[in-house]
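# Chains, contacts and geometry: an overview
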Amino acid sequence: MTKVALRPYALLPRQYDERKVLASTIDPWGRALWLICPDARFPSRWGGRDVPAPANLPFDALVVISDRGQVRERTLRGVAVDPKAFDALPGGGFVLSGNGAPNAPSGQLFGPDGRSRRRLPLGTHLTHLVADGRAGFWTGYADEGIYSGDRVSAGGLVHWDNRGNHAGSLHPPEPYQHVAGINTINVSDSTVRATYWPGAPLVETGPSGKLRIRTLPISDPFGLATRGDRLLLLGGNERGIETRVNIVHHIQLTGDRAAVASRDDLAFPNGDPVRRYARPVCRGPRIFLRTLRTLRQWWVLTVP
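Now for a look at the structure at hand.

Quick notes on the rules
Residues numbered from 1 in each chain as written. Predicted model: local features only at pLDDT ≥ 70, side-chain atom pairs only at ≥ 80, totals over all residues. Heavy atoms only, no water. Helix = DSSP H or I, 4+ residues; strand = E, 2+ residues; numbered from the N terminus. Buried < 20%, exposed > 50% of the residue type's maximum accessible area, 1.4 Å probe, protein only. Contact = heavy atoms within 4.5 Å. Pairing = 2+ DSSP bridges. Axes fitted to C-alpha atoms, helices over the stretch in contact; angles between N-to-C directions. Salt bridge = Lys/Arg side-chain N within 4 Å of Asp/Glu carboxyl O. Phe/Tyr/Trp six-rings, centres within 6.5 Å; stacked < 30°, edge-to-face > 60°. Lys NZ or Arg CZ within 6 Å of the ring centre and 35° of its normal.

This brings us to the environment of alanine 278. Along the chain, the position of alanine 278 falls in the loop between strand S24 (257-267) and strand S25 (281-283). Among the residues examined, alanine 278 registers a relative accessible area of 8% and is labelled buried. Apart from residues no more than four positions distant in its own chain, alanine 278 is found in contact with Leu289, Arg290, Thr291 and Leu292.

This brings us to the sheet that holds strand S22 (residues 230-234). Two modes of strand pairing occur in sheets, parallel and antiparallel, and in both the strands are linked by backbone hydrogen bonds. Across the sheet, which stays open at both edges, the five strands sit in the order S1-S24-S23-S22-S21 with mixed pairing between neighbours. The two strands at the open ends of the sheet, each matched to only one other strand, are strand S1 (2-5) and strand S21 (223-227). Here the strands of the sheet are splayed against their neighbours by 35° on average, with no regard to which way each runs. Relative to S24, strand S23 (residues 247-254) is paired through eight bridges, and the arrangement is antiparallel. Counterpart to isoleucine 251 in the pairing with S24 is valine 260.

Attention shifts here to the sheet that holds strand S10 (residues 94-98). Judged by pairing direction, the sheet is antiparallel, and its four strands sit side by side in the order S9-S10-S11-S12 without closing on themselves. Only two strands of the sheet have a single neighbouring strand rather than two, namely strand S9 (83-88) and strand S12 (116-120). Pairwise comparison of adjacent strand axes, ignoring direction, gives a mean angle of 15° for this sheet. For S9 and S10, the ladder comprises five bridges, and the chain directions are antiparallel. Across the sheet, alanine 85 pairs through a bridge with serine 97, a residue of S10.

On to the pattern of salt bridges. Overall, the coordinates contain 14 salt bridges when judged by the stated rule. In this structure, aspartate 189 engages arginine 134 in a salt bridge whose closest nitrogen and oxygen atoms are separated by 4.0 Å. A residue pair is termed long-range when its members are at least 10 positions apart, and aspartate 189 in the loop between strand S17 (181-188) and strand S18 (191-197) and arginine 134 in the loop between strand S13 (126-131) and strand S14 (137-141) qualify at 55 residues. Judged on exposure class, the residue aspartate 189 and its partner arginine 134 are both exposed. One salt bridge in this structure joins arginine 212 and aspartate 256, with 3.1 Å as the shortest N-O distance. Here arginine 212 is found in strand S20 (residues 211-215), whereas its partner aspartate 256 is found in the loop between S23 and S24, with 44 residues between them in sequence.

Pairing of strand S5 (residues 40-46) with strand S6 (residues 49-54), which is carried by five bridges, proceeds in the antiparallel orientation. Across the sheet, alanine 40 pairs through a bridge with proline 54, a residue of S6. Between the antiparallel neighbours S5 and S6 lie two residues, among them glycine 47 with a positive phi of about 65°.

Turning our eyes to something else, we now look at the side chain of arginine 290. Mapping arginine 290 onto the fold places it in the loop between strand S26 (286-289) and strand S27 (297-302). Apart from the residues within four sequence positions on either side, arginine 290 is in contact with Tyr277, Ala278, Leu295, Gln297, Trp298 and Trp299.

It is worth spelling out the packing of aromatic side chains at this point. Under the criterion given, the structure shown has five aromatic pairs. Both rings, one in tyrosine 9 and one in phenylalanine 288, keep their centres 4.8 Å apart while their planes meet at 65°; by these two values the pair is edge-to-face. Remark: phenylalanine 288 occurs in strand S26 and tyrosine 9 occurs in strand S2 (residues 7-11); sequence separation between them is 279 residues. Seen in terms of ring centroids, phenylalanine 86 and phenylalanine 94 are 6.5 Å apart; in terms of plane orientation they differ by 25°. Their pairing is stacked. For the residue pair phenylalanine 86 and phenylalanine 94, the accessibility class agrees, reading buried in each case. The ring of phenylalanine 42 carries the charged tip of arginine 19 above its face, separated from the ring centre by 3.9 Å.

Another aspect to go through is the pairing of S20. Two elements, strand S19 (residues 201-205) and S20, share five bridges in a ladder whose sense is antiparallel. Counted as the bridge partner of threonine 205 is leucine 211 from S20. Joining the antiparallel neighbours S19 and S20 is a turn of five residues, in which glycine 209 adopts a positive phi near 85°.

None of the figures reported here should be taken as evidence of function without further support.
This is the structure we're talking about:
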């Protein structure tokens, strides 16, 4: 099996304390974002790194924005959640999501001036928060959230507008109607593609709300990228093939059918295999990855 290499994408400048980064992402415009708590404590350790948390709530967070090598700062004032995920919104605002009990106000929206606009329930056991560059954002949930009794998480894959209003959730038709957990979300140009389980469905929907569903030959992938009639699926289960997190499946779409065209092993630029990584951010033809040990470095894999 051949190898396909990640490329370096973005790096947090060294003047910022990586240990105090609460969350990081790649936003709809390709900018790398890091959310920093200046007054952080370290209550636990996971994945080879100390996990920071705010010493007090609310607090003022620093957002570091790297845009093609140009670095800017923004301050978010009065952050009232312990952020686990965040993204930038059209118009210059931000959305943050933290932990919380079912139906609790675990999310917070900020305006372009960095001031809080709204607290809102974003569900529990959130695994994906991905903004759309044109309007709103999407959230996806693990099975623990879908079956927790939380009203939002029960939607599985949920759409929100820029003001944090619930704009819809995933209701696929039979025989795909059972949504027990969202594996991947790819958002590009107001189109969202997602895989979920059980089974191996790929669902696609856009501004019209019309659903298109295909059955994939790979179930439970960790990442998804798309260009025209080609897909990349990172990891996942293929019948008769040993499951590895660093396998890259090249998928060819023909009508309503999908077939594996080839497979590669994912590696770093020096050839070392990619054995572990955090949940990717997927946008159009690109999958953005970081390792579990650091939030400083982002890597990218692109559909050929």
